[in-house]
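Given next are the chains, with one letter for each unit.
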Amino acid sequence: MAGFQAKDKAVYDLLVKEHYRHVFAVCFAMLANVHDAEDAAQETMLKGFLKMAELDDAQRFRPWILRVAKNLCIDHFRRRNRRTPPVEEPPTPSRQGLKAEYDLERAIQRLPEELRVPLLMFYFDGRSAKGVAESLNISHSGACHKLRVARQRLHELLTERAER
């Protein structure tokens, strides 16, 4: 892709439009928080622009930028673990829709990463089970199994909250 090495803003704009969804999905899968994921995805794309001269081939951009996103999320975990956890306020009880969304987000956060990542890739990134398998470098049946277990565990977590 011409202009890739020269930090051409128009070329990078095309790359952002093509890959931002995937970067956000990785960030959301790892951080399990929409706001943190948005911040991390934006920081990833900025860092990608600043360091794109390090990449020789535009075809390698996607795996490279996803690796940058994962590393930024890991850094986020490290910073968060150094600070005291924030006090969370419960959702407003008069808004059932917001409470259901809050419960779903909390339940997704409680899933282990090996189940949360494929689930978010499938439902929020719109990937097929085959696409999830390719992204995670696992077999198709392994991806289907992880998705099935993740849905079952998510159901358990959500009904557990409703029974209280």
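Check the entry above for the structure.
Read on for a plain summary of the structure. (Residues numbered from 1 in each chain as written. Predicted model: local features only at pLDDT ≥ 70, side-chain atom pairs only at ≥ 80, totals over all residues. Heavy atoms only, no water.)

Here we look at the overall build of the chain
Reasoning step 1: In terms of helices and strands, the chain carries seven helices and zero strands.
Reasoning step 2: Put simply, the chain runs from its N terminus to its C terminus through helices and strands in the order α-α-α-α-α-α-α.
Reasoning step 3: Of all 164 residues assigned to the chain, the portion counted as buried reaches 35%.
Reasoning step 4: Summarising the internal contacts of the chain: among those between residues at least 6 apart in sequence, 61% fall at separations of at least 24. (Helix = DSSP H or I, 4+ residues; strand = E, 2+ residues; numbered from the N terminus. Buried < 20%, exposed > 50% of the residue type's maximum accessible area, 1.4 Å probe, protein only. Contact = heavy atoms within 4.5 Å.)

A look at the layout of surface pockets
Reasoning step 1: Empty space within the second largest pocket amounts to approximately 350 Å³.
Reasoning step 2: Residue lining of the second largest pocket: 14 residues in total, with Val26, Leu66, Lys70, Met121 and Ser135 positioned closest to the centre.
Reasoning step 3: Taken together, the elements giving at least two residues each to the lining of the second largest pocket come down to helix H1 (9-31), helix H3 (61-82), helix H5 (113-123) and helix H6 (129-136).
Reasoning step 4: Examining the composition of the lining of the second largest pocket, we find that five residues originate from one element, H3, more than from any other. (1 Å grid on protein atoms, 1.4 Å probe; cavity = no way out; pocket = protein on both sides within 12 Å on 5 of 7 lines; lining within 4 Å. Points joined across faces, edges and corners; volume = space filled by probe spheres on them.)

What to know about the packing of H5 against H6
Reasoning step 1: The geometry of H5 relative to H6 is characterised by a closest axis approach of 9 Å and an angle of 135 degrees between their N-to-C directions. With respect to each other, H5 and H6 are oriented oblique. Both H5 and H6 take part in a crossing whose hand is right-handed. Of H6, the residues touching H5 (which contributes Val117, Pro118, Met121 and Phe122) are Ala129, Val132, Ser135 and Leu136.
Reasoning step 2: A per-class count over the contact of H5 with H6 returns seven nonpolar, one polar and no charged. (Axes fitted to C-alpha atoms, helices over the stretch in contact; angles between N-to-C directions. Parallel < 35°, antiparallel > 145°, perpendicular 65-115°, else oblique. Left-handed = near helix turned anticlockwise from the far one by under 90°. Nonpolar A, V, L, I, M, F, W, Y, C, P; charged D, E, K, R; others polar.)

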